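What follows is each chain in one-letter form.
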2 protein chains.
Amino acid sequence: MKNPPSLDQLISALKVLPGVGPKSAQRMAFHLLQRDQAGADRLARALDRALANLTHCERCNTFSETPLCNLCAEPARNQHQLCIVEMPADLLMLEQARCYDGLYFVLMGRLSPIDGIGPKDVNLDKLMVRALDGVVEEVIIATNFTAEGEVTAHMIAELLKDRGLAVSRIARGMPVGGELEYVDSGTLAQALYERRQLG
Amino acid sequence: MKNPPSLDQLISALKVLPGVGPKSAQRMAFHLLQRDQAGADRLARALDRALANLTHCERCNTFSETPLCNLCAEPARNQHQLCIVEMPADLLMLEQARCYDGLYFVLMGRLSPIDGIGPKDVNLDKLMVRALDGVVEEVIIATNFTAEGEVTAHMIAELLKDRGLAVSRIARGMPVGGELEYVDSGTLAQALYERRQLG
Ligand SMILES: [Zn+2]
Ligand SMILES: [Zn+2]
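Residues numbered from 1 in each chain as written. Chains lettered and ligands numbered in written order. Predicted model: local features only at pLDDT ≥ 70, side-chain atom pairs only at ≥ 80, totals over all residues. Heavy atoms only, no water.

Caption draft 1: Main features of the coordination of the zinc ion (ligand 2). Residues and elements named next belong to chain B. Taken together, C57 (SG), C60 (SG), C69 (SG) and C72 (SG) make up the full set of protein donors to the zinc ion (ligand 2), lying 2.3 to 2.4 Å away. In this structure, the zinc ion (ligand 2) is surrounded by four donor atoms whose angles at the metal cover 106 to 117°, and the resulting shape is tetrahedral. Read N to C, the donor residues that coordinate the zinc ion (ligand 2) are spaced as C-x2-C-x8-C-x2-C. Given the relative accessible area of 4%, C69 is considered buried. (Donors = N, O, S within 2.8 Å, 3.2 Å for Na, K, Ca; no water. Tetrahedral: all angles 85-135°; square planar, octahedral: opposite > 155°, others 65-115°. Buried < 20%, exposed > 50% of the residue type's maximum accessible area, 1.4 Å probe, protein only.)

Shown next as structure tokens:
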């Protein structure tokens, strides 16, 4: 006696989600099939649309439905400043803090040798090309103040040193071990204003 | 500055999953788009297939791809015993314990007035029709020994009393508050053998 194949396949497919093990995959499958079939259908459609439509902005590397994202396409932004963040959510947090009008680069991750996440996985090649385009004058590193975020900041600073750019790190106005996503706008603005020059 | 629409829609759609709030929905969306697009596609396909193929067995109410599930279609099973469980996973656990050769009824839930889950949501009408078909002689209630499972067992016992059926409850050989899914086969077999007559 086993589950029907399409049920087992759904349970198994749900395990691709981070933090979802066999028991919660099973609970999710039963919930969707039993209590929210409309939600299950909406999820399938949203996955299809996201896979079909989303790509990475060719300049800042964030998720975008167009080759150039809205923010990069805005001529009013200061073209000489480039702020480097780990994830799109961090970019949105900085925008909400309304303290910065330059451009961004989104790494889409952080270095974590222990998890096998190396320079290529966080798009350092693409960052180098972007930062060294001759227009950018200042790079502000706004990775998280976690161990991985600090290692990533250090590596980027090393790569950019001696390239004629001002390289700074947002100030540690945030709690040690804190992540940008979870900090209030005021603290974040403070950390950005108090950034210190590196190298 | 906002996320592209198809990204926001995916984050929002992921929140239909039980236990998934805005922050983990966002983490899941980034993970799928950034690190496992193949997994995201597999999940969308599995949702479609499950929604298209799965229905409820007309006899035992468990998930099935056919009108009658494999177990209900097996002539070798004892047609006179009906064991009532909350979820398909509980049925699978009892089958693994290899201590029972009768049939099942799967409620697909448990009574929980506090969550607005009433008799209709746990298919008590369908259960009555099934249990009173004239062939079933004994009903064994194997809902969980949680507060909701006990209330459900009590309600079913009340409904079936005085209908000429032997109604029993699996023995509390399981830890108090325990759920069938998490118990070892030996304990589960013991609980079934030591079931006591109700009413
Ligand atoms: Zn961009
Ligand atoms: Zn069946």
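Caption draft 2: Spatial organisation of the UniProt feature "zinc finger region: C4-type" (unreviewed entry) in chain A. The positions that UniProt labels "zinc finger region: C4-type" (unreviewed entry) are, in the present scheme, residues 57–72 of chain A. Across residues 57–72 of chain A one finds 0% helix and 12% strand; the C-alpha atoms that close the span lie 8 Å apart. (UniProt positions renumbered as here; feature names shortened; annotations may be inferred. Helix = DSSP H or I, 4+ residues; strand = E, 2+ residues; numbered from the N terminus.)

Caption draft 3: How the structure looks around unusual backbone geometry. One non-glycine residue, N61(A), lies in the positive phi region at around 75°. Take N61(A): it is sitting in the loop between β1 (55–56) and β2 (63–64). Overall, N61(A) belongs to the buried group, its relative accessible area being 3%. We note that D162(B) has phi near 65°; this positive angle belongs to a residue other than glycine. Take D162(B): its relative accessible area is 76%, and that puts it in the exposed class.

Caption draft 4: Up close: the pairing of strand β6 (residues 166–169) of chain B. Residues and elements named next belong to chain B. Alignment of strand β5 (residues 138–141) against β6, held across four bridges, turns out to be parallel. Among the inter-strand pairings, I141 is bridged to a residue of β6, identified as R169. As for the winding sense of the linkage, the β-α-β connection from β5 through helix α6 (residues 147–160) to β6 is right-handed. (Pairing = 2+ DSSP bridges. Right-handed = clockwise from strand over helix to strand, strands pointing away.)

Caption draft 5: Expanded view of the packing of aromatic side chains. For the structure shown, the criterion picks out four aromatic pairs over all chains. Considering the side-chain rings of F30(A) and F63(B), the 5.8 Å spacing of their centres and the 25° angle between planes classify their relative orientation as stacked. Remark: F63(B) occurs in strand β2 (residues 63–64) and F30(A) occurs in helix α2 (residues 22–35); the pair is interchain, linking two chains. Assessed through its relative accessible area of 5%, F63(B) is described here as buried. Sitting over the ring of F145(A), R169(A) keeps its end group 4.1 Å from the ring centre. (Phe/Tyr/Trp six-rings, centres within 6.5 Å; stacked < 30°, edge-to-face > 60°. Lys NZ or Arg CZ within 6 Å of the ring centre and 35° of its normal.)

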